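Survey of secondary and tertiary structure
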Amino acid sequence: DWSVTGVQTCALPISVSCAALAETLLESELFGHEKGAFTGANERKPGKFEMADGGTIFLDEIGDISPKLQVDLLRVLQERSFYRVGGSEEVRVDARVVAATHVNLQQAVAEGRFREDLFYRLNVIEIRIPPLRDRREDVPLLAHHFLERLAHEMGKDISEISEGGLKLLMDYNWPGNVRELENAVERALVTCRGQALTEEDFSFLASNGAAKAWATPAGMTLQEMEKLLIVATLDRTNGNIKESASVLGIDRSTLYEKIKRYEIPR
């Protein structure tokens, strides 16, 4: 199956890390370049959008792209066409765009750091993934997944994480989320001398911020605790009433009533 640009369509998603490259390099990576477009451009090179024609392109850390590239990307989403760097021939593509970011794009739009029109073009279907500290039940599954893959890559015969090691992983706050967990498993594997990863292998996490057990503040009433829980849940879901009600185990009308009763600002 061949695309209209003459580049073979790839069945697998094409991935681009927008934070890993400088603006000029990212522009060439996304849209390709013509021969002689810049020093070192010895031949025409198709960009990732051309390679994704008829398929899917994944743009990681979209919130970090420059204002110029925001304009270029908006054109692609609106017109489904672009020009290679140094080129005059319009290239047309039809690709599904999936984007991810750690940046709060709504806040970035309000602060003038991200184009509002591009935000709404990208934000057709939004999937919010809570930070790892809010879904600790995923930690053991992810840790064992990384252990299996990394141990194979390193040639190490280690397939288990001790109970103490898992407890330490579960107690940690993971400010760096899944990437930090992967890095922690890799670091523990490098230094491990036994047949399983133990709390000693993860000891470097203990000094980096294990989660502290929450204690009920003295004198707090049941109503005050309920209000605190509702506020925290709304904060985690960015004010999404439907999602907050689901997390709290109540219906939306009840949540609206409690928000009004406790005078919780939205």
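Each remark here, short or long, concerns the structure printed above.
Residues numbered from 1 in each chain as written. Predicted model: local features only at pLDDT ≥ 70, side-chain atom pairs only at ≥ 80, totals over all residues. Heavy atoms only, no water.

Within the chain, the regular secondary structure consists of twelve helices and seven strands. Based on the C-alpha atoms only, the size of the chain along its principal axes is roughly 70 × 55 × 35 Å. Sequence separation of at least 24 residues holds for 63% of the intrachain contacts in the chain that already meet a minimum separation of 6. About 16,500 Å² of surface is accessible on the chain, with carbon and sulfur atoms providing 51% of the total. The averaged location of the 42 negative side-chain charges in the chain is 4 Å from the averaged location of its 32 positive side-chain charges. (Helix = DSSP H or I, 4+ residues; strand = E, 2+ residues; numbered from the N terminus. Contact = heavy atoms within 4.5 Å. Areas by Shrake-Rupley, 256 points an atom, 1.4 Å probe, with all protein chains shown as cover. Lys, Arg positive; Asp, Glu negative; His and termini not counted. Charge placed at Lys NZ, Arg CZ, Asp CG, Glu CD.)

Further remarks concern the environment of F38. For F38, the location among the structural elements is in the loop between helix 1 (23-31) and helix 2 (48-51). When the C-alpha atoms of F38 and G86 are compared, they prove to be 7.9 Å apart, with 48 residues separating the residues in sequence. The contacts of F38, once residues within four sequence positions are left out, are S28, H33 and V85.

Of note in the backbone geometry, R80 takes a positive phi value of approximately 55 degrees without being a glycine. Tracing the chain through its elements places R80 in the loop between helix 3 (67-79) and strand 3 (81-83). In this structure R80 comes out as partly exposed when scored by relative accessible area, which is 46%. Of note, the phi angle at N177 is positive, near 55 degrees, even though the residue is not glycine. With respect to the secondary-structure elements, N177 resides in helix 8 (residues 177-191). (Buried < 20%, exposed > 50% of the residue type's maximum accessible area, 1.4 Å probe, protein only.)

Evaluation of the coordinates by the stated rule reveals six aromatic pairs. The interplanar angle of 50 degrees and the centroid separation of 6.3 Å between the aromatic rings of F49 and F82 together place this pair among those described as tilted. Within this pair, whereas F49 is found in helix 2, its partner F82 is found in strand 3, the two being separated by 33 residues in sequence. Each member of the pair, F49 together with F82, is buried. Aromatic pair F202 and F204: ring centres 6.5 Å apart, planes at 50 degrees, arrangement tilted. (Phe/Tyr/Trp six-rings, centres within 6.5 Å; stacked < 30°, edge-to-face > 60°.)

With that settled, the discussion passes to the nonpolar core. Ranked by size, the top nonpolar core spans 28 residues in total, and within it F49, L59, I62, I65, L73, F114 and L118 carry the most contacts. Those elements that provide at least two residues to this core are strand 1 (14-17), helix 1, strand 2 (56-60), helix 3, helix 4 (105-110) and helix 5 (116-122). A total of five residues in this core trace back to one element, the largest contributor, which is helix 3. Residues in contact with I62, not counting those within four places in the same chain, are C18, L73, A99, A100, T101, L105, F114 and L122. (Core = buried A, V, L, I, M, F, W, Y, C linked by side-chain atoms within 4.5 Å.)

With respect to the element layout, S81 can be found in strand 3. Apart from the residues within four sequence positions on either side, S81 is in contact with R75, V76, E90, V91 and R92.

With that out of the way, let us pick up the sheet that holds strand 2. Spatial strand order, 1-2-5: three strands in an open sheet with parallel pairing. Since the sheet does not close on itself, it has two edges, and those belong to strand 1 and strand 5 (96-100), each with one partner. Going across the sheet, the axis of each strand differs from the next one's by a mean of 20 degrees, ignoring polarity. Inspection of the sheet shows strand 1 paired to strand 2 by four bridges, in the parallel sense. When the sheet's bridge partners are listed, S17 is paired in strand 2 with D60. (Pairing = 2+ DSSP bridges. Axes fitted to C-alpha atoms, helices over the stretch in contact; angles between N-to-C directions.)

Okay, helix 10 (residues 222-236) next. Between the first and last C-alpha of helix 10 there are 21 Å, a value that for 15 residues agrees with the 21 Å anticipated at 1.5 Å per step. Along helix 10, the positions that sit buried rather than exposed are I230, T233 and L234. Relative to the axis of helix 10, the buried residues are bounded by an arc of 100 degrees and lie together on one face. Contacts made by the buried residues of helix 10 are with helix 11 (241-248) and helix 12 (252-261). Taken from the residues just after helix 10, N238 is the one with a positive phi, measuring 55 degrees. (Expected span 1.5 Å × (residues − 1). Arc of directions from axis to C-beta.)

None of the figures reported here should be taken as evidence of function without further support.
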